[in-house]
Amino acid sequence: MPSDGLSTTDPQSNVPSSKRAKAFSDDNSVEVLIALNAGACFGVVRAIKLGLNAVSRIPETGGSVYSLGPLIHNPMVVAEMEAKGVQTINEPGDATNGTVVLRSHGVRREIEASLRERGVQIVDATCPLVKKPQRIAQGLGEKGYFLVFVGDSNHPEVKGVLSYFGRPDFLVTYDPADVQKVPEGVQKVAVLAQTTIERDVLMAVVEQCRARFAEVAVHNTICDATSVRQSEADSLARQADVVVVVGGRNSSNTKKLWKICHELQPDTHLVETMEEINPAWFVGKRKIGVTGGASTPQDYVDRIGESIARLIAPANA
Ligand code: F3S
């Protein structure tokens, strides 16, 4: 592992970045390319399974099954889960009895504690890759580090991790220039990353920290599932004449995929459902790229890709 502490699985591997869904027209010149790893990551698949498993155990456990906040950031999947018996609540106090599923982003420590005090059963679907920064943050808090957290202060994952840090000595930012806002007198700084941020952003913040502080502990907690999807999105957008990103508008990683694609291919559209797709986007296009955020089931991304392929066939023939 390199000493910069930024090593993770290299997303720039030789893995093919897209699969050809279908080719249309007589000369096979129109293609829909679906990113190879588009769709739900293992943390989301696991959360869905744990939620449905909790529903199947209602005859033993009694009460209802709740998710504190949407189980994942995808309205379509949340609606399906609700139809199957996982009710979304917004406050811990809304869980009157039964089981509360903690979502893949994790929750703040005090929320979990208050649920336990209320006597409801807890199914912890926090992704293991979010548990990791929670554990690291707790250790850093105990060791007296100032924490520079690269991420979005409004994101539930970040709020959850910070609750494990347990002290007010932190800065949450995406902007490397903000490192100058760390108070004078701070001796040792630790850098943590939201699982869904881009590696370049983390590296830029680390660079600023190293320029200012003698001791900088770097923990690359970016999730490989995210970086692989981002790398594939980059490759897809370079090839495609138009890109469709499928996922929840409230999904951080989906928005990042859109941003990556949009910078390379301005003709990039974010959709949550097939109904939002406008056939006019594909007229005269030869390569249509499709990818999906880590909170969108893979089969749903594939179905949208196949529907687009059917849609464009007459328009381009
Ligand atoms: Fe976990 Fe990464 Fe998914 S942190 S929830 S596997 S995007």
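Preceding this section is the structure that the text describes.
Described below are features of the structure shown in this document. Because the structure is a prediction, the values reported are computed rather than measured. (Residues numbered from 1 in each chain as written. Predicted model: local features only at pLDDT ≥ 70, side-chain atom pairs only at ≥ 80, totals over all residues. Heavy atoms only, no water.)

Quick word on the site of the ligand
Logical step 1: Around the ligand, the surrounding shell consists of Cys-41, Phe-42, Gly-43, Cys-127, Leu-129, Thr-195, Cys-223 and Thr-226.
Logical step 2: Class assignment for the residues of the shell around the ligand results in 5 nonpolar, 3 polar and no charged. (Near = heavy atom within 4 Å. Nonpolar A, V, L, I, M, F, W, Y, C, P; charged D, E, K, R; others polar.)

Things to note about the packing of aromatic side chains
The way to describe two aromatic rings as a pair is by their centre distance and the angle between their planes.
Logical step 1: A complete count under the given rule lists 1 aromatic pair for this structure.
Logical step 2: Here the aromatic rings of Trp-281 and Phe-282 are separated by 6.1 Å at their centres, their planes lie at 80°, and the arrangement is edge-to-face. Note on accessibility: Trp-281 and Phe-282 belong to one class, buried. (Phe/Tyr/Trp six-rings, centres within 6.5 Å; stacked < 30°, edge-to-face > 60°. Buried < 20%, exposed > 50% of the residue type's maximum accessible area, 1.4 Å probe, protein only.)

Structural notes on the pattern of salt bridges
Logical step 1: For the structure shown, the criterion picks out 15 salt bridges.
Logical step 2: For the salt bridge of Arg-249 with Glu-272, the shortest nitrogen-to-oxygen distance reads 4.0 Å. Within this pair, whereas Arg-249 is found in the loop between strand E11 (242-246) and helix H9 (252-264), its partner Glu-272 is found in the loop between strand E12 (268-271) and strand E13 (287-292), the two being separated by 23 residues in sequence.
Logical step 3: Members of the salt-bridge network, linked through shared partners, are Glu-198, Lys-259 and Glu-263. (Salt bridge = Lys/Arg side-chain N within 4 Å of Asp/Glu carboxyl O. Helix = DSSP H or I, 4+ residues; strand = E, 2+ residues; numbered from the N terminus.)

So, the packing of helix H8 (residues 224-239) against H9
Logical step 1: Packing of H8 against H9 leaves a shortest axis separation of 8 Å and a crossing angle of 30°. Judged by the angle between their axes, H8 and H9 are roughly parallel. Seen along the crossing, H8 lies across H9 with a hand that is right-handed. Between H8 and H9, the residues in contact are Arg-229, Gln-230, Ala-233, Asp-234, Ala-237 and Arg-238 and Lys-256, Leu-257, Ile-260, Cys-261 and Leu-264, respectively. (Axes fitted to C-alpha atoms, helices over the stretch in contact; angles between N-to-C directions. Parallel < 35°, antiparallel > 145°, perpendicular 65-115°, else oblique. Left-handed = near helix turned anticlockwise from the far one by under 90°. Contact = heavy atoms within 4.5 Å.)

Considering empty space enclosed by the protein
Logical step 1: As enumerated under the stated definition, the model contains 1 cavity of 30 Å³ or more in all.
Logical step 2: Its boundaries defined by the atoms lining it, the largest cavity holds a volume of some 270 Å³.
Logical step 3: As for the largest cavity, its lining consists of 21 residues, and the residues nearest its centre are Cys-41, Ser-104, His-105, Thr-196 and Asn-253.
Logical step 4: Sorting the residues of the lining of the largest cavity by element identifies helix H1 (42-56), helix H5 (128-143) and H9 as the ones contributing at least two each.
Logical step 5: For the lining of the largest cavity, the class distribution of residues is 8 nonpolar, 12 polar and 1 charged. (1 Å grid on protein atoms, 1.4 Å probe; cavity = no way out; pocket = protein on both sides within 12 Å on 5 of 7 lines; lining within 4 Å. Points joined across faces, edges and corners; volume = space filled by probe spheres on them.)

Details of the pairing of strand E6 (residues 121-124)
Logical step 1: The pairing of strand E5 (residues 98-102) with E6 spans 4 bridges and is classified as parallel. Residue Thr-99 lies in a different strand from E6, and its bridge partner there is Gln-121.
Logical step 2: At this point the chain moves from E5, through helix H4 (residues 109-118), to the parallel E6, and the crossover so formed is right-handed. (Pairing = 2+ DSSP bridges. Right-handed = clockwise from strand over helix to strand, strands pointing away.)

Looking at the side chain of Gln-134
Logical step 1: Inspection of the secondary structure puts Gln-134 in helix H5.
Logical step 2: Setting aside chain neighbours within four positions, we find Gln-134 in contact with Gly-106, Val-107, Thr-126, Val-161 and Tyr-164.

Considerations on H5
Logical step 1: For H5, spanning 16 residues, the distance from its first C-alpha to its last is 23 Å, which sits close to the expected 22 Å at 1.5 Å a residue.
Logical step 2: Among the residues of H5, those classed as buried are Val-130, Pro-133, Gln-134, Ile-136, Ala-137, Gly-139, Leu-140 and Gly-141.
Logical step 3: Elements in contact with the buried residues of H5: strand E7 (146-150), helix H6 (156-165) and strand E9 (188-193).
Logical step 4: A positive phi of about 80° marks Gly-144, the residue just after H5. (Expected span 1.5 Å × (residues − 1).)

Focus on the sheet that holds E5
Think of a sheet as strands paired side by side through backbone hydrogen bonds, with each pair either parallel or antiparallel.
Logical step 1: In spatial order, the strands read E4-E3-E5-E6; together these 4 strands make up an open sheet with parallel pairing. Here the strands that pair on one side only, and so sit at the sheet edges, are strand E4 (86-89) and E6. The mean inter-strand angle of the sheet, taken between neighbouring strand axes irrespective of direction, is 30°.
Logical step 2: Here strand E3 (residues 64-68) runs beside E5; their pairing, made up of 4 bridges, is parallel. Its bridge partner being in E5, Val-65 is matched across the sheet by Thr-99.
Logical step 3: Across the sheet, H1 is in contact with E3, E4, E5 and E6; its angle to E6 comes to roughly 155°.

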